[in-house]
Amino acid sequence: MTDSEPSDAAAQVPPAAAQAPPAAPSHCPSLESFPKIIPSSELLQGSREVWIEHGSEMYRLRLTASGKLYLTK
């Protein structure tokens, strides 16, 4: 066998893209049960604060000088 010829074992294994992912065990939560993750950079969009309207209430989300988030009503 030469370097340019695939081995018999490699020729029998389908590519990873063609393989279906394994099914999650029944005791594992589905991905739909986890909360959605939104990066703070997406919320702030370059500013240091945003206002969030929740029902009839307004909340202020602010990026502090130390890089932490501060949420106030």
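Everything numeric in this text was worked out from a predicted model, so none of it was measured. (Residues numbered from 1 in each chain as written. Predicted model: local features only at pLDDT ≥ 70, side-chain atom pairs only at ≥ 80, totals over all residues. Heavy atoms only, no water.)

A. Region of interest: the pairing of strand 1 (residues 49–54). Sheet topology note: the strand 1/strand 2 (residues 57–63) ladder contains 6 bridges and is antiparallel. Paired with His54 across the bridge in strand 2 is Glu57. With antiparallel pairing between neighbouring strands as the criterion, strand 1 and strand 2 make up a hairpin whose turn holds 2 residues, including Gly55 at a positive phi of roughly 65 degrees. (Pairing = 2+ DSSP bridges. Helix = DSSP H or I, 4+ residues; strand = E, 2+ residues; numbered from the N terminus.)

B. Inspection of the sheet that holds strand 3 (residues 69–72) at higher detail. The strand order across the open sheet formed by 3 strands is 1-2-3, and the pairing between neighbours is antiparallel. Strands at the two margins of the open sheet, each flanked by one partner only, are strand 1 and strand 3. Taken pair by pair, the neighbouring strands of this sheet meet at an average axis angle of 20 degrees, ignoring direction. Two elements, strand 2 and strand 3, share 4 bridges in a ladder whose sense is antiparallel. Paired with Leu63 across the two strands is Leu69, which belongs to strand 3. (Axes fitted to C-alpha atoms, helices over the stretch in contact; angles between N-to-C directions.)

C. Here's a closer look at unusual backbone geometry. Backbone geometry at Gln45 places phi at a positive 45 degrees, although glycine is not the residue there. Relative to the helices and strands, Gln45 resides in the loop between helix 2 (40–44) and strand 1. The class for Gln45 is exposed, based on a relative accessible area of 68%. (Buried < 20%, exposed > 50% of the residue type's maximum accessible area, 1.4 Å probe, protein only.)

D. The arrangement of the pattern of salt bridges in detail. Enumeration over the complete set of coordinates arrives at 2 salt bridges. Here Lys73 and Glu57 are joined by a salt bridge, their closest N and O atoms 3.9 Å apart. Of this pair, Lys73 sits in the segment after strand 3 while Glu57 is found in strand 2, placing the two residues 16 residues apart along the sequence. In this structure Glu57 comes out as partly exposed when scored by relative accessible area, which is 32%. (Salt bridge = Lys/Arg side-chain N within 4 Å of Asp/Glu carboxyl O.)

E. The arrangement of the environment of Leu63 in detail. For Leu63, the position within the fold is in strand 2. In sequence terms Leu63 and Ser40 are 23 residues apart; their C-alpha atoms lie 9.2 Å from each other. Discounting chain neighbours no more than four positions away, the residues touching Leu63 are Leu44, Arg48, Lys68 and Leu69. (Contact = heavy atoms within 4.5 Å.)

In short, the description is geometric, and any link to function would need to be established separately.
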